[in-house]
Amino acid sequence: MKLSKLTLATLSAVTMMAANSAAAKEDKVFVGHLADMSGPTAFVGKEYADGVRDAMAYINANGGIKGTGLDFETVDYAYKVPQAIASYKKWKSRKKMVAMQGWGTADTEALISFVARDKIPVYSASYSGHLTDPKGKNPHTKKPAPYNFFYGASYSDSCRALVQWAAKDWKDKGSKGKPKFTHIGANHPFPNAPKAACAEYATELGFDVQPSVVISMKPGDFKAQCLSLKSSGTHYGYIGNLGGSVMSLIKSCNTVGTDIQFMSNIWGGDRKIFEAIGEGVKDYIFPTMTPFWDSNVSGMKLVKNISKMSDSSGTKSRPHHYIRGVCSAYYMKEAMEWAKDNGGITGANVKKGMYATQNWVPKGLEGVCLPATWKDDDHRGIAEVNIYKGNFDKDNVSIEQVDTVSLERRADWLGY
Amino acid sequence: MSTSVTMRPCGDFRTSYKQDTTIFETKTIRWFAILAIAFACFAPFILDAYYLTLFIQVSYLGIAALGLNILVGFTGQISLGHGAFFGFGAFASAWLNTQFNIPVVFCIPLAGFLTMAVGMMFGMPAARIKGLYLAIATLAAQFIIEDFFGRAEWFSGGSAGSLAEPINIFGFTFDTDESFYYVALFALVFMFIWGCNLMRTRDGRAFVAVRDHYLSAEIMGVKLNKYRLLSFGISSFYAGIGGALYAHYLGYVSAEGFTIFMSIQFLAMVIIGGLGSIKGTLMGVVFMVLLPEAMEASVSLVKETSIGAHPMLVDGLAYIKEMAIGLVIILFLIFEPEGLAHRWNQIKNYWKSYPFAY
């Protein structure tokens, strides 16, 4: 009984102290940051979160938003919706949050209604197509998400770009007949997000779309699924999963001996995963929204300085998810700067700031972030997808760019 | 007896069954409960949205957890699919509202009944199997329903999720934390009183009889199949109501989140609170909702200090936080196997004879 009394007393004391420590500070705006560093998506979540956090720390260390500091708090919500909601409410009611950097499908979708009502722009890494239709113009859109932004092409648009590339690849190889296309992924909102949209476009381009193959988000033995891919004679397989699940898929399919051109979503391909898979990564196609760490573009200097915020030696090599986190934070920064000059940094003004410039690259990140355009009725910021190819030979990962696909901004693709 | 205001005084003997099954043991406890609820009505004027959202969480999770406690704690069955039923209630309510334009106030109970039907369907194996076998059968329900959410575009919106309108009564919309708080409070009190009353009825006693000794119960004329199935139905009804409240609070339901982990969390809540105890259920839910928040608060306290601001340490604390939650649950099971409700009774007994213990 002593023990439980003591525990209860400590817990309540801690809660009270936390409640009191939330005093507002002078000339600072609060940005909440939800990250998954210990949950199911931590494999890439940690990298992306580091990018966002380092960028915000760097902005603070270098003059802030034209003199206004960023007061930010990173919460590891471990991909649990209740914790995301509680953190959001805490920030909203106690810290006067003006914008939020979010993470995945779970938290972003749970908060859509709240952020729209509270007028708090959310920059997340959930690239679901249905977040791009702020006014609900497309009949497919169930819920308009006027305050949701993300840097990058939506999952659907990335998949369309990959399909477009695949169609060209099929022609270049001089193959005959209809290429077969299969969606591979768990039956969950994240892998499923581009499924229908991408299959539709693939059919339009003359693919023979096969029934999708379901593999778990968790690593496992996927030989049975690989056998069904083999028997269906799939030529191009789109991977909707990430992390360990992709690793298992490649390994299982190599054992089975399939001959599929794998194409993954943006989270399914990076140096770390190729190193983890090792032998067997052959011409693995994946999209990115930024160049790689070692590429020679002018903006990479700033990214490397930002990286020093958490890695003072400057030796760490960051994956492209990190760089995308930096871009996400910098678009928010420049929208806030616009807001400061046009009526003050509030959620509604930051949203307007996102529409102020067209074909827009944050200052200092030239060549790193792709030129983006957000409109008040179209939140498809990026319509360009860089396609890369990963290989693993003799203990070495090699990554090369194979194509850049520009997608038209078709009206029927908005929010879908 | 000044210190034992909420205790049952000496010489308070019950002479009828009616007296023995009152919800509140003494008048004082009843007055305390009524005062507490009256006081809770003023909470939105004092507390900010953060505390209100925690209370709302306690409410919808608590209602669902009470359902599970009726099934596990009172009837002695087991379910590993409670999270999926919770999700089914959420989608069903949103679906009824958008497809048939039924007002949300009616959608919530209707969603409860729909979930009840689904729960009874998946509870049917309970008529023939029990224990671990039943656990696996209900586990199947979890995966089947979860997969259904992902595929049934007409019902759940598939990967895009579905929209849930806020509750609207006579033109007043309950779309802020302050207003929804009252919905949550009403639902919580209503469903808990209903739960208490259920346990005082013939059906409630039948549940307990099935749990304690099903052979004797059967000999006494309790229809085992009927009551096992009914228990599944009631349990899912509660889950459906909890889920529907969750949906209309968020305004949006996505298939993410209604996973096996949620089902296990519900089980953890009833075990920590106390199996077969209605007030224990509420204690367990409060505990499970506040624990991660208290951990988060202590982590952010360390972050405020000068050494704590280092990113390496902050990341480390994030892991410690997750581990600590697991650790607390394990410690609870070792030192408090009968749950918080049991501990609460012991605390009461301790103070009853304070300072002169027997």
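Because the structure is a prediction, the values reported are computed rather than measured. (Residues numbered from 1 in each chain as written. Chains lettered and ligands numbered in written order. Predicted model: local features only at pLDDT ≥ 70, side-chain atom pairs only at ≥ 80, totals over all residues.)

## Section: the interface of chain B and chain A
Put simply, the rule is: For every residue pair, C-beta atoms are placed from the backbone, and the pair is scored as a contact if these atoms sit within 7 Å. A run of H or I in DSSP counts as a helix once it spans at least four residues, and a run of E counts as a strand once it spans at least two, with each numbered from the N terminus. Polar here means any residue outside two lists: the nonpolar Ala, Val, Leu, Ile, Met, Phe, Trp, Tyr, Cys and Pro, and the charged Asp, Glu, Lys and Arg; Gly therefore counts as polar.
Across the boundary between the two partners, chain B contributes 43 residues, which contact 44 residues of chain A. Elements that contribute at least two residues to the side of chain B that touches chain A include exactly helix H4 (49–74), helix H7 (132–151), strand E1 (162–163), helix H14 (278–304), helix H15 (311–335) and helix H16 (339–352) of chain B. The leading source of residues in the side of chain B that touches chain A is H14 of chain B, at nine residues. Its residues assigned to classes, the side of chain B that touches chain A comprises 17 nonpolar, 14 polar and twelve charged.

## With respect to the nonpolar core
For clarity, the threshold we go by: Each nonpolar core reported here comprises buried Ala, Val, Leu, Ile, Met, Phe, Trp, Tyr and Cys residues connected via C-beta atoms within 7 Å. Counting other C-beta atoms within 10 Å of a residue's C-beta gives its exposure: the residue is buried at 20 or more, exposed at 12 or fewer, and partly exposed in between, where C-beta atoms are placed from the backbone. Start and end positions for the domains come from either an automated domain assignment or a database one.
If you look at the biggest cluster of nonpolar residues, it comprises 222 residues, and the most contacted ones within it are Val-31 and Leu-162 of chain A together with Ala-64 and Ala-184 of chain B. With 19 residues, H4 of chain B is the single largest residue contributor to this core. Residues lining this core come from more than one domain, with at least three contributed by each of domain 1 (26–153 + 296–382) and domain 2 (155–288 + 384–413) of chain A. Not counting the four nearest positions on each side in its chain, Val-31 of chain A is found in contact with Met-56, Leu-70, Phe-72, Met-97, Val-98, Ala-99, Met-100 and Gln-101 of chain A.

## Comments concerning the confidence of the model for chain A
Atomic detail in the predicted coordinates should be set aside for any region of low pLDDT. All names here are of chain A. The condition that has to hold: Confidence per residue, as judged by the predictor, is encoded in pLDDT with a range of 0 to 100.
Looking at chain A as a whole, its pLDDT mean stands at 88, while 94% of the residues score no less than 70. Within chain A, strand E4 (residues 122–123) carries the highest mean pLDDT (96), whereas helix H1 (residues 2–20) carries the lowest (51). Counting interchain partners and residues more than four positions distant, the pLDDT-below-50 stretch residues 14–25 has 15 contacts.

## Topic: the packing of helix H8 (residues 223–232) of chain A against helix H9 (residues 244–256) of chain A
Residue and element names in this part refer to chain A. Applicable threshold: Angles shown run from 0 to 180 degrees and are taken between the N-to-C directions of axes, each axis being a line fitted to C-alpha atoms and, for helices, limited to the stretch in contact. In this scheme, roughly parallel covers angles under 35 degrees and roughly antiparallel covers those over 145, while 65 to 115 is roughly perpendicular and the rest are oblique. Helix crossings get a hand from a simple test, with the near helix turned counterclockwise from the far one by less than a right angle marking a left-handed crossing and a clockwise turn marking a right-handed one.
Between H8 and H9, the shortest axis-to-axis distance is 8 Å and the interhelical angle comes to 60°. Overall, the two elements H8 and H9 adopt an arrangement that is oblique. Crossing handedness for the pair H8 and H9: right-handed. Here Lys-223, Cys-226, Leu-227, Leu-229 and Lys-230 of H8 lie close against H9, whose contacting residues are Ser-252, Cys-253, Thr-255 and Val-256. Tallied by class, the residues present in the contact of H8 with H9 amount to five nonpolar, two polar and two charged.

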